[in-house]
Amino acid sequence: MAVSLLANEVSDLCIGKPAVRSLPLSAAAGELAAALRRVARSGAAACVAVTGPARAVAGRVGLADVLCFLCTEPDALARPAAALAKPVSALLPKDGAGEVRRVDPRSSILEALDAILSGAQVLAVPLRAGGRKKQLAGGAAAGGDFCWLTQEDLVRYFLNSIGLFYHVAARSVSSLGLVRTDYLSVRPGESALSAVPLIRRAVTSETAVAVVTEDGHLVGEISPALLAACDETAAAAIATLSVADLMAYVDYFGSPPEHILRAIKAGLKDKGLDAMLDLIEDETLSSFSSLSASSSSDEESGRTQLRRPSSGSYGRRSAEEPVVCSPTSSLVAVMVQALAHRVNYVWVLDEDDDCRLAGIVTFADVLRVFREQLQ
């Protein structure tokens, strides 16, 4: 089984993948935020690479990294323009978390799997011109382009060969020991600012922060994927709102409920964050102008349309419910469910305990099951 399954190379999983957009370490954080908006509109992965000398990959950053930076960097909320002028190197984790590891396209699937399981958040694979024959010959594409190889790619690869793992595919996630209870969580009434350290951990662990009531029920989540639907002005919402109100803000980003907008502005005034308040008001005016222009165009064509912001390539709209399963759900069912929703995790609700949150199943742990089967 292992011989046939692992005969493929990393390059086989990268066929058709686009080159990753990248910025140098010296680029400004504001330039990164603008690049992320362009990436999200294009439907590509809502993150970019940060590269150093000789295009060495130093990290991968998304909007959640920008927001966490603005909410934790001293004086960043008071002087957002100055903060966004700092280099993107300031956004990279100082503890080595979220490691990006470069792998040769001729590496085996097993080598890629071991790299992910040994701590790499994502793999950077150089793209080679001319297809498989030239890849084997070592011909590199111009400019040193590369693509991402993710946990999702590897899970999809094993799902395509799930028949070889029939003895574990139908087993429940609980019987396989996949239900983690050390998930990240906050209460709806807590300040969103207090959740920033958890959001940072969610970024590096490729998961999310569960929003859980006092009696243990899951009412939502804050994830890097959902935050990718916003822009850098969402830092004002994180700095002033409760977790529950932040979820509503993200759900309706671009046209938040009036009471949410009032709460943000009042919070910024109370904290003396006038520069951030000016930025929010400028964005609100810009959004209103864009909406008015769109409405006029629709009226002229005799159509009425409702527009909601896209969350980029994650395949989810912000108003979607968290993806959940039960402890008795099979491994293959959870894999299919997560891949269908483009998430790297599934929350587990215990049907025998009034559907309270029991834990989380992550792609990293799912991949460990397949690694054990290949030994």
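Given the structure is predicted, the values throughout are model-derived calculations rather than measurements.

**Student:** Where do I start with unusual backbone geometry in this structure?
**Tutor:** When glycine is set aside, most residues are seen to have a negative phi, and most peptide bonds are trans. Phi at Asp 354 takes a positive value of approximately 60°, unusual for a residue other than glycine. With phi around 55°, Cys 355 is a residue other than glycine that occupies positive phi space. Here Cys 355 shows up in the loop between strand E11 (345-350) and strand E12 (356-362). For Cys 355, a relative accessible area of 39% translates into the label partly exposed.

**Student:** What is the right way to look at the packing of helix H15 (residues 331-341) against helix H16 (residues 363-374) in this model?
**Tutor:** Angle between the axes and distance between the axes: these two values describe a pair of packed helices. Packing of H15 against H16 brings their axes to within 12 Å, and their N-to-C directions diverge by 140°. With respect to H16, the element H15 is oriented oblique. Considering the relative orientation of H15 and H16, their crossing is left-handed. Taking contact as the criterion, the partners of Leu 331, Met 335, Ala 338 and Leu 339 in H15 are, on H16, Phe 363, Val 366, Val 369 and Phe 370. A per-class count over the contact of H15 with H16 returns 8 nonpolar, no polar and no charged.

**Student:** Help me understand the sheet that holds strand E6 (residues 146-149) in this model?
**Tutor:** Sheet strands line up and pair through hydrogen bonds in the backbone, either parallel or antiparallel. What the 3 strands build is an open sheet, ordered E4-E5-E6; its pairing is mixed. Looking at the sheet topology across the chains shown, the edges are occupied by strand E4 (99-102) and E6. For this sheet the average axis-to-axis angle between neighbouring strands, irrespective of direction, equals 30°. Two strands pair when backbone bridges link them, and strand E5 (residues 120-126) and E6 are joined in this way by 4 bridges, in the antiparallel orientation. From the neighbouring strand, Leu 123 faces E6, where its bridge partner is Leu 149.

**Student:** What am I meant to see in the packing of aromatic side chains here?
**Tutor:** The description of an aromatic ring pair uses the distance of the two centres, along with the angle that the planes make with each other. Inspection of the entire model under this criterion finds 8 aromatic pairs. An angle of 85° between the planes, with centres 4.9 Å apart, marks the rings of Phe 165 and Phe 370 as edge-to-face. Of this pair, Phe 165 sits in the loop between helix H7 (151-159) and helix H8 (166-169) while Phe 370 sits in helix H16, placing them 205 residues apart in sequence. Across the pair, exposure class does not vary: Phe 165 and Phe 370 are buried alike. Between Tyr 183 and Trp 347, the ring centres sit 6.2 Å apart and the planes meet at 85°, which makes this aromatic pair edge-to-face. Taken together, the positions of Tyr 183 in the loop between H8 and strand E7 (185-186) and Trp 347 in strand E11 put the pair 164 residues apart, joining distant regions of the chain. Cluster of aromatic residues (ring-pair linked, three or more members): Tyr 157, Phe 158, Phe 165 and Phe 370. Positioned over the ring face of Trp 148 is Arg 60, at 5.7 Å from the centre of the ring.

**Student:** Any chance you could explain the nonpolar core here in plain terms?
**Tutor:** Note that soluble globular proteins tend to have their nonpolar side chains buried in a common cluster. Counting 60 residues, the largest nonpolar core has Leu 32, Ile 222 and Tyr 249 as the members making the most contacts within it. With residues near it in sequence (within four places) discarded, Tyr 249 still touches Thr 233, Ala 234, Ala 237, Leu 241, Pro 256, Ile 260 and Ile 264. Formed by 55 residues, the second largest nonpolar core is a distinct cluster that contains Cys 147, Met 335, Tyr 345 and Val 361.

**Student:** Is there a simple way to explain the pattern of salt bridges in this structure?
**Tutor:** Close approach of charged atoms lets side chains of opposite charge pair. In this structure the tally under the stated criterion is 14 salt bridges. Notably, a salt bridge pairs Asp 365 with Arg 180, separated by 2.5 Å at the nearest N-O pair. Taken as a pair, Asp 365 in helix H16 and Arg 180 in the loop between H8 and E7 lie far apart in primary sequence, 185 residues in all. Given a relative accessible area of 11%, Asp 365 falls into the buried group. A single network of salt bridges, built from pairs that share partners, joins Arg 180, Asp 182, Asp 365 and Arg 368.

**Student:** Looking at this model, I keep getting lost on the confidence of the model for the protein. Mind explaining?
**Tutor:** In regions of low pLDDT, the predicted coordinates are not meant to be interpreted in detail. Of all residues in the protein, 82% attain a pLDDT of 70 or more, and the chain-wide mean is 84. Below pLDDT 50 for its whole length, residues 131-143 participates in 21 contacts with residues either more than four positions away or in separate chains. Between residues 287-318, whose pLDDT stays under 50, and residues either more than four places distant or in other chains, the model counts 44 contacts.

**Student:** It is not clear to me how the pairing of E11 should be interpreted in this structure. Could you clarify?
**Tutor:** The side chains of a regular strand alternate between both faces of the sheet. A large share of E11 lies buried, amounting to 5 of its 6 residues. Direction of pairing for strand E10 (residues 324-325) relative to E11: parallel, over a ladder of 2 bridges. Bridged to Cys 325 within E11 is Val 348. For the handedness criterion, the β-α-β arrangement of E10, H15 and E11 is classed as right-handed. For E11 and E12, the ladder comprises 6 bridges, and the chain directions are antiparallel. Within E12, the residue paired with Val 346 across the bridge is Val 361.

**Student:** Whenever I open this one, the side chain of Ser 326 confuses me. Can you help?
**Tutor:** Locating Ser 326 in the fold gives a position in the loop between E10 and H15. Classification of Ser 326 by relative accessible area gives buried; the value is 8%. Within the structure, Ser 326 has its side chain in polar contact with the side chain of Thr 328 (distance 2.9 Å). Apart from the residues within four sequence positions on either side, Ser 326 is in contact with Val 173, Val 348, Leu 349 and Glu 351.

**Student:** Explanation requested: the packing of helix H5 (residues 109-117) against H7 in the structure shown.
**Tutor:** One way to put it is that H5 packs onto H7 with a least axis distance of 11 Å and a crossing angle of 135°. Taken together, the axis directions place H5 and H7 in an arrangement best described as oblique. In this structure, the crossing between H5 and H7 has a hand that is left-handed. Between H5 and H7, the contacting residues are Ile 109, Ala 112, Leu 113 and Ile 116 on the first element and Gln 151, Leu 154, Tyr 157 and Phe 158 on the second. When grouped by side-chain class, the residues that make up the contact of H5 with H7 number 7 nonpolar, 1 polar and no charged.

About the thresholds
Residues numbered from 1 in each chain as written. Predicted model: local features only at pLDDT ≥ 70, side-chain atom pairs only at ≥ 80, totals over all residues. Heavy atoms only, no water. Helix = DSSP H or I, 4+ residues; strand = E, 2+ residues; numbered from the N terminus. Buried < 20%, exposed > 50% of the residue type's maximum accessible area, 1.4 Å probe, protein only. Axes fitted to C-alpha atoms, helices over the stretch in contact; angles between N-to-C directions. Parallel < 35°, antiparallel > 145°, perpendicular 65-115°, else oblique. Left-handed = near helix turned anticlockwise from the far one by under 90°. Contact = heavy atoms within 4.5 Å. Nonpolar A, V, L, I, M, F, W, Y, C, P; charged D, E, K, R; others polar. Pairing = 2+ DSSP bridges. Phe/Tyr/Trp six-rings, centres within 6.5 Å; stacked < 30°, edge-to-face > 60°. Lys NZ or Arg CZ within 6 Å of the ring centre and 35° of its normal. Core = buried A, V, L, I, M, F, W, Y, C linked by side-chain atoms within 4.5 Å. Salt bridge = Lys/Arg side-chain N within 4 Å of Asp/Glu carboxyl O. pLDDT = per-residue confidence, 0-100. Right-handed = clockwise from strand over helix to strand, strands pointing away. Polar contact = N/O pair within 3.5 Å; in protein donor to acceptor, adjacent residues only side chain to side chain.

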